[in-house]
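# Descriptive analysis of the structure
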Amino acid sequence: DQEILVVTLVNSAVDNFSSRIAKFVQEAGLFENVGYRVRTLHGLGHDIILERPDLAGLSGQFSIIDEIESYRMVEQLSVAYTRIHPEVVDYLLRPDVEFTSINHSHSGWSEMIASLNQNFISQAKDMLLAPDEIQNLSQRLGYTDVLLEMALEVYYQYERGLRYRNALDFADLIRLAYQVLQSEPEYLKRLQYRWPYILEDEAQDSSNIQEKLLRLLVGESGNWVRVGDPNQAIYETFTTADPKYLRDFLKEDGVLPMSLPHSGRSNQSIMDLAN
């Protein structure tokens, strides 16, 4: 009733790990797909929520929208907002506001503003901040900004759209999984027992909330193997990932750093360690 949990970033890596681990266990005379589970971080979040959707405030029939649909929703909301608030474009045209590579066509402005709002929403969810919390924080600080007002309104409407459809985006999978485990200690204990060993691949591309989720699952006495190279972080330019989380982890008491022998390849992973 226990498994080694292997987590990685993309589905193609899940397939690769699964096939290679299956070969290892076959050679050892063991059963395939027994004693280990391979998931993306988003797949892991989905597993956790699916087992207890009530703790996430969802029905059992929730759906997941992909990144394309998420961006389309944000883009439509952004266009609607700027149509009513043309001062946003006026603000961006000010000489003291710098943006690089702006395509000044209508579609170029739409894409840029939608990307701003999309990045704002992703960052907010990674920091576990709902629209109301950001609004209250800005009011306490007495901070006002044209772009913040726009991003907050788009965030509000985006979340309303998701709730209306009983849907989640990819960021919600990890955010809500973390909140589910925080709200139900007994459920968390069961998962910590189920996965006494957690192996994380491409740890340099972990984000704040992703690390929080794994840290919660590992607990105080768990075993966490993180494989990554801070110099090969590729997602920080367009996601909330940041190699600083891995660097900070390596400085913690009790962490035993280990260097893999360099094979001359562009990257190395858990499978190199296993080999």
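In this report, the structure presented in the accompanying data block is examined. (Residues numbered from 1 in each chain as written. Predicted model: local features only at pLDDT ≥ 70, side-chain atom pairs only at ≥ 80, totals over all residues. Heavy atoms only, no water.)

Taken together, Leu137, Leu141 and Tyr143 make up a surface patch of nonpolar side chains, about 330 Å² in accessible area. When you line up the elements, leucine 137 lands in helix α6 (residues 131-141). Accessibility expressed as a relative area gives 37% for leucine 137, which makes it partly exposed. (Patch = residues over 30% accessible without salt bridge, like charges linked within 9 Å, V, L, I, M, F, W, Y side chains within 5 Å. Areas by Shrake-Rupley, 256 points an atom, 1.4 Å probe, with all protein chains shown as cover. Salt bridge = Lys/Arg side-chain N within 4 Å of Asp/Glu carboxyl O. Helix = DSSP H or I, 4+ residues; strand = E, 2+ residues; numbered from the N terminus. Buried < 20%, exposed > 50% of the residue type's maximum accessible area, 1.4 Å probe, protein only.)

Closest axis-to-axis distance for the helix α3 (residues 67-84)/helix α7 (residues 146-165) pair is 10 Å, and the angle between their directions is 130°. Between α3 and α7, the angle is such that the two are oblique. For the element pair α3 and α7, the recorded crossing hand is right-handed. Facing α3, whose interface residues are Glu69, Ser70, Met73, Val74, Leu77, Ser78, Tyr81 and Thr82, α7 presents Glu149, Met150, Glu153, Val154, Gln157, Tyr158, Gly161, Leu162 and Arg165. A breakdown of the residues in the contact of α3 with α7 according to their chemical character gives eight nonpolar, five polar and four charged. (Axes fitted to C-alpha atoms, helices over the stretch in contact; angles between N-to-C directions. Parallel < 35°, antiparallel > 145°, perpendicular 65-115°, else oblique. Left-handed = near helix turned anticlockwise from the far one by under 90°. Contact = heavy atoms within 4.5 Å. Nonpolar A, V, L, I, M, F, W, Y, C, P; charged D, E, K, R; others polar.)

Along the chain, the position of serine 206 falls in the loop between β5 (197-200) and α10 (208-218). Its relative accessible area of 0% is what places serine 206 among the buried residues. Setting aside residues no more than four positions away along its own chain, serine 206 makes contact with Glu200, Glu211, Arg226, Ala241, Asp242 and Tyr245.

Regular strands place their side chains on alternate faces of the sheet. Here strand β2 (residues 36-40) lies mainly inside the structure; four of its five residues are buried. Here five bridges tie strand β1 (residues 4-8) to β2, and the two strands are oriented parallel to one another. When the bridges of β2 are listed, valine 6 appears paired with valine 38. In the classification by handedness, the crossover that spans β1, the intervening helix α1 (residues 11-27) and the parallel β2 is right-handed. (Pairing = 2+ DSSP bridges. Right-handed = clockwise from strand over helix to strand, strands pointing away.)

Take it as geometry only, folks, not as evidence of what the structure does.
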